[in-house]
Amino acid sequence: MPDGSVSGDARTRILDAAEAIVRARGVSGLTLDAAARQAGVSKGGLLYHFGSKEALITGLLGRMAEWMALDFESCVAGQPEGPGRVARAMLAWAFELTPDAINERCDRAAAVFLAAFHHDPALLGPIRAVIARMRKAVEADGLPPGHGHAIMAAGDGLFMARVFGLYAPTEPERHAMHAALSRLLEVAS
């Protein structure tokens, strides 16, 4: 996922500002005025790109969906061909980044997802579409039924635990979970 640094592009600066506001103050803190001010653009400049708060949230979700798809495709491309390629990519995606990188990615996604869900759950369509493509890839991965979905669900569970502050696995727990899920791939070979 890109680092979210501010670029010279006004649209990107506005999206970065909106994401930062949502992360810091929640969706209730996201106003068009606040996003314009933080992005360093006039309200008219913001309205040129995003005509409403809903359009701004839709822009955040579209960008997040693109990043998710690119991250996932990159992880898949980094795995050897053959059965279990997608599941191995999901393991890498969920477990092989450093905890700080995982936490940063989760925090960014969570802020955007929760803002959209709070504003209008229907706005999550682009994210649902990416996840549906991932599920189809898992189903066509050549593994026995349930193996790939179990790996995907474990990654989703770790994400949700982070999002809601339910628990933070220790490094030994993360390694043990990764090893247990990896055995699903060994059984399938």
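Residues numbered from 1 in each chain as written. Predicted model: local features only at pLDDT ≥ 70, side-chain atom pairs only at ≥ 80, totals over all residues. Heavy atoms only, no water.

Let's shift gears to a nonpolar patch on the surface. Judged by side-chain polarity, L114, M160, F164, L166 and Y167 come together as a nonpolar surface patch covering roughly 520 Å² of accessible area. Following the sequence through the fold, Y167 ends up in the loop between α8 (147-163) and α9 (171-188). (Patch = residues over 30% accessible without salt bridge, like charges linked within 9 Å, V, L, I, M, F, W, Y side chains within 5 Å. Areas by Shrake-Rupley, 256 points an atom, 1.4 Å probe, with all protein chains shown as cover. Salt bridge = Lys/Arg side-chain N within 4 Å of Asp/Glu carboxyl O. Helix = DSSP H or I, 4+ residues; strand = E, 2+ residues; numbered from the N terminus.)

Looking now at the confidence of the model for the chain. Averaged over all residues, the pLDDT of the chain equals 88, while 91% of them reach at least 70. Mean pLDDT values for the elements of the chain range from 79 in helix α6 (residues 99-119) up to 96 in helix α2 (residues 32-39). (pLDDT = per-residue confidence, 0-100.)

Let's shift gears to the packing of helix α7 (residues 125-139) against α8. At a closest axis distance of 8 Å, the pairing of α7 and α8 adopts a crossing angle of 145°. Crossing angle aside, the handedness with which α7 passes α8 is right-handed. Counting all contacts with α7, which are made through I131, M134, R135, V138 and E139, the residues of α8 involved are G148, H149 and M152. Class assignment for the residues of the contact of α7 with α8 results in four nonpolar, two polar and two charged. (Axes fitted to C-alpha atoms, helices over the stretch in contact; angles between N-to-C directions. Left-handed = near helix turned anticlockwise from the far one by under 90°. Contact = heavy atoms within 4.5 Å. Nonpolar A, V, L, I, M, F, W, Y, C, P; charged D, E, K, R; others polar.)

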